[in-house]
Amino acid sequence: MTDKTAQVRTTIEVNPTPRTEEVEPKHRYAPNMLPDSATSLPGWLRLPVLSPLRKLRRNRLWPYLALLGPGVVAAAAGDDAGGIATYASAGASYGYTLLWALLVVTVSLVLVQEMCARMGAVTGKGLSDLIREQFGVGWTMLAVLVLFVANTGVTISEFVGVAAAAGLFGIPAWVAVPPVAFLIWWSITKGSYKAVEKVFLLLSLALFSYIIAAFLAKPPWGEVGASFFKPTISLAPADLFVLVALIGTTITPYMQLFVQSGVVEKGVTPSDYKYTRFDTVFGAIFSDVVAAFIIIATAATLFAHHIQINSAADAAKALEPVAGSSATILFAVGLFGASVLAAGVLPLATAYSVTESLGFEKGVSLSFTEAPVFMGLFTALVVIGALVAMIPGLPLFTVLIVVQVLNGSLLPILLVFIVRLASNKGIMGRYAIGPVYRVLAWASVVVISIAVVLMLVTLFVA
């Protein structure tokens, strides 16, 4: 090979010809993940008894299942201790009459989560990053400050949920909470994103216990089905508060922050996005199906026997004389799994949002040295949550109310940012949401905003 030929080859390698296809929005593209995850199977799937699962390798469903992750984890974390308490209280106090509202809220949750996942895949940036770039530091700091305060309170409630679930099995809080907090901290600070995601997905399986508990309660399924399509609206202050609390606990700000940051950290690109869209939509629907079964289980037992509750632990205890000890155990297992999952997701979502807004390094796969602010903030939130949760006589129900007000107050502001960013063709290019999508998204913002205003009025004025 001549020197001239070598020089030409070097030039071609260093300066490749630009693509002539449509230019995508700027994105810190990661290598395409589909070939490995879609065509290779872990060793345990090669067992003869699992041959039906191996067929997934040869059809189009496997890539979708292989890329389940941020969407499922973010939505499942919404069924946390506060969420379970809210859904259980709704079922115990109102029977099946609020199932129609949950169906409507599910549509909004799908829209919001999908927009955030789409922005993560297209821009390669977290939600706080985009808000700071497009709307300025002031708005970002306001959103992050309120979110930080609210998420700290919710994190505490998750560790209280761990303590309450352990108490149902006769384990004291001081025995259960510290090792759980350490395991959450260790798995995230010492593991990679893929490993952490697998742990979170495993914890999500605990939510199936609520579905089983609902069947054990033996509800009148005809009445249950009809309730999804019979809207009943009451303007009584207490009824409005429960309705808005249902909305606030189903669509919470940390879920949007986590799903977008998770998509970015996983390295999803626009070419992979159809798989991530499935993950996001499936996660939102699965989360609210679980919520519906919590309402059904408590409506069929507690509402029918006029038993009132103030927490998820109360619901578990109250189920035993009506639906048997199996339902109680399943409810407690679900509470424990959901609390542990959210106790990991909430500090992560908070650490993501704060470091993104301030421009610090962030990521589960980074070390303390590489991302000291991110890891330090996550560690501090876990420690604070665990320590406060072990305080005897903590007024959990009061904490949950204050946290829901903060989250509900922040949500409409965050949704405005999300819809405007997802509609911006300068940011999203051809992936910007279309006219019909925008109408549905803005309708969700308006309805939720009205609900939040009504909640605040009934809470502070009535």
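A short note on the overall build of the chain
A tally of regular secondary structure across the chain gives 22 helices and zero strands. In the chain, which comprises 462 residues, the proportion classed as buried is 53%. In the chain, of all internal contacts separated by at least 6 residues, the share reaching a separation of at least 24 is 83%.

Some details on the packing of aromatic side chains
Counted under the stated rule, the structure contains nine aromatic pairs. Seen in terms of ring centroids, Phe208 and Phe286 are 5.2 Å apart; in terms of plane orientation they differ by 45°. Their pairing is tilted. Remark: Phe286 occurs in helix α16 (residues 273-303) and Phe208 occurs in helix α12 (residues 208-216); sequence separation between them is 78 residues. Judged by its relative accessible area of 39%, Phe208 is partly exposed. For Phe286, a relative accessible area of 11% corresponds to the buried category.

Describing the pattern of salt bridges
Evaluation of the coordinates by the stated rule reveals five salt bridges. The residue Arg118 makes a salt bridge to Glu114 at a minimum N-O spacing of 3.1 Å. You can see Arg118 and its partner Glu114 sitting in helix α7 (residues 99-123), four residues apart, about one turn around the helix. In this structure, Arg118 and Glu114 share a single accessibility class: buried. For Lys362, the salt bridge is made with Asp129, and the minimal N-O distance between the two is 3.6 Å. Residue Lys362 is located in the loop between α18 (325-358) and α19 (372-389), and its partner Asp129 is located in helix α8 (residues 127-135); the two are separated by 233 residues in the primary sequence. On the accessibility criterion, Asp129 (9% relative accessible area) is buried. Ionic contacts of the salt-bridge type, sharing partners, join the residues Glu114, Arg118 and Arg277 into one network.

Looking at the packing of helix α6 (residues 81-94) against α16
Look at α6 against α16: their axes get within 7 Å of each other, and the N-to-C directions meet at 40°. The pairing of α6 with α16 is recorded here as oblique in orientation. Crossing handedness for the pair α6 and α16: right-handed. Contact with α6, carried on its side by Ile84, Tyr87, Ala88, Gly91, Ala92, Ser93 and Tyr94, involves Ala291, Ile294, Ile295, Thr298, Ala299, Leu302 and Phe303 of α16 and no other residues of that element. Its residues assigned to classes, the contact of α6 with α16 comprises eleven nonpolar, three polar and no charged.

A look at helix α14 (residues 237-250)
With 14 residues, α14 ought to run about 20 Å at 1.5 Å a step, and its terminal C-alpha atoms sit 20 Å apart, in line with that. In terms of burial, α14 is largely enclosed, as ten of its 14 residues are buried. Three or more residues of α14 are buried, namely Leu240, Val242, Leu243, Val244, Ala245, Leu246, Ile247, Gly248, Thr249 and Thr250.

Quick word on the nonpolar core
Core analysis: the biggest nonpolar cluster contains 128 residues, and Met119, Leu127, Phe159, Phe331, Leu348 and Ile418 have the highest contact counts within it. The element that contributes the greatest number of residues to this core is α7, accounting for 15 residues.

Quick notes on the side chain of Ser128
Structurally, the position occupied by Ser128 is in helix α8. Judged by relative accessible area, which is 4%, Ser128 ranks as buried. Aside from chain neighbours lying at most four places away, what touches Ser128 is Thr140, Val144, Leu257, Ser353, Glu356 and Ser357.

Remarks on the side chain of Gln256
Tracing the backbone shows Gln256 in helix α15 (residues 253-266). Those residues in contact with Gln256 that lie beyond four places of it in its chain are Val112, Gln113, Cys116, Leu127, Ile251, Leu411, Leu414 and Ile418.

Quick notes on the environment of Phe228
By secondary structure assignment, the location of Phe228 is in the loop between α13 (221-227) and α14. For Phe228, a relative accessible area of 22% puts it in the partly exposed group. Leaving out residues up to four positions away in the same chain, Phe228 has contacts with Leu99, Trp100, Leu103 and Ala292.

Some points on the confidence of the model for the chain
Per-residue confidence for the chain gives a mean pLDDT of 77; residues scoring 70 or more make up 77%. Within the model, the stretch residues 4-59 combines pLDDT values under 50 with 65 contacts to residues more than four positions away or in other chains.

A closer look at the environment of Met255
Tracing the backbone through its elements, the reader meets Met255 in helix α15. Once residues within four sequence positions are removed from consideration, Met255 is found in contact with Ala74, Ala75, Gly78, Leu109, Gln113 and Thr250.

Considerations on the packing of helix α5 (residues 70-77) against α15
The geometry of α5 relative to α15 is characterised by a closest axis approach of 9 Å and an angle of 160° between their N-to-C directions. Taken together, the axes of α5 and α15 lie roughly antiparallel to each other. In the packing of α5 onto α15, the handedness of the crossing is right-handed. Seen from α5, the contacting residues are Pro70, Gly71, Val73, Ala74, Ala75 and Ala77; seen from α15, they are Tyr254, Met255, Phe258, Val259, Gly262, Val263 and Lys266.

A few points about a nonpolar patch on the surface
Together, Phe169, Ile171, Trp174, Val175, Ile329 and Val333 line one region of the surface with nonpolar side chains, adding up to about 570 Å² of accessible area. Of note, Ile171 is situated in the loop between α9 (137-168) and α10 (173-189). According to the relative accessible area criterion, Ile171 is partly exposed, its value standing at 37%.

What counts as what
Once a new chain begins, its residue numbering starts again from 1 and follows that chain's sequence as written. Whole-chain, interface and lining totals are the exception, using all residues; otherwise, since this is a predicted model, local features are given only for residues with pLDDT of at least 70 and side-chain atom pairs are given and counted only at 80 or more. Only heavy atoms go into the side-chain values, all of them from the structure, while hydrogens and water stay out. A run of DSSP states H or I qualifies as a helix once it reaches four residues; a run of E qualifies as a strand once it reaches two. Both are numbered from the N-terminal end. With a 1.4 Å probe rolled over the protein chains alone, any residue whose accessible area is under 20% of its type maximum counts as buried; one over 50% counts as exposed, and the rest are partly exposed. By definition in these notes, contact holds between two residues if any of their heavy atoms fall within 4.5 Å. Within 6.5 Å between ring centres, the rings of Phe, Tyr and Trp (the latter by its six-membered ring) count as paired, and their orientation is classed by plane angle as stacked under 30 degrees, edge-to-face over 60, tilted in between. Within this document, salt bridges are pairs made up of a side-chain nitrogen of Lys or Arg and a carboxyl oxygen of Asp or Glu, the two lying within 4 Å of each other. Angles here are taken between N-to-C directions and fall from 0 to 180 degrees, while the axes themselves are lines fitted to C-alpha atoms, restricted in helices to the stretch in contact. In these notes the angle categories are as follows: under 35 degrees is roughly parallel, over 145 is roughly antiparallel, 65 to 115 is roughly perpendicular, and the rest is oblique. Helix crossings fall into two classes, left-handed where the near helix is turned counterclockwise from the far one by less than a right angle and right-handed where it is turned clockwise. All residues other than Ala, Val, Leu, Ile, Met, Phe, Trp, Tyr, Cys, Pro, Asp, Glu, Lys and Arg, Gly among them, are scored as polar; the first ten of these are nonpolar and the last four charged. Expected span of a helix, by definition, is 1.5 Å for each gap between consecutive residues, and there is one gap fewer than residues. Each nonpolar core is a collection of buried residues, namely Ala, Val, Leu, Ile, Met, Phe, Trp, Tyr and Cys, held together in the definition by side-chain atoms within 4.5 Å. What pLDDT expresses is the predictor's confidence in each residue, scored from 0 to 100. Note on patches: the residues involved have over 30% relative accessible area and no salt bridge, like charges join within 9 Å, and the nonpolar side chains Val, Leu, Ile, Met, Phe, Trp and Tyr join within 5 Å. Accessible areas in this description were obtained via Shrake-Rupley with a 1.4 Å probe; residue shielding takes into account the shown protein chains only.

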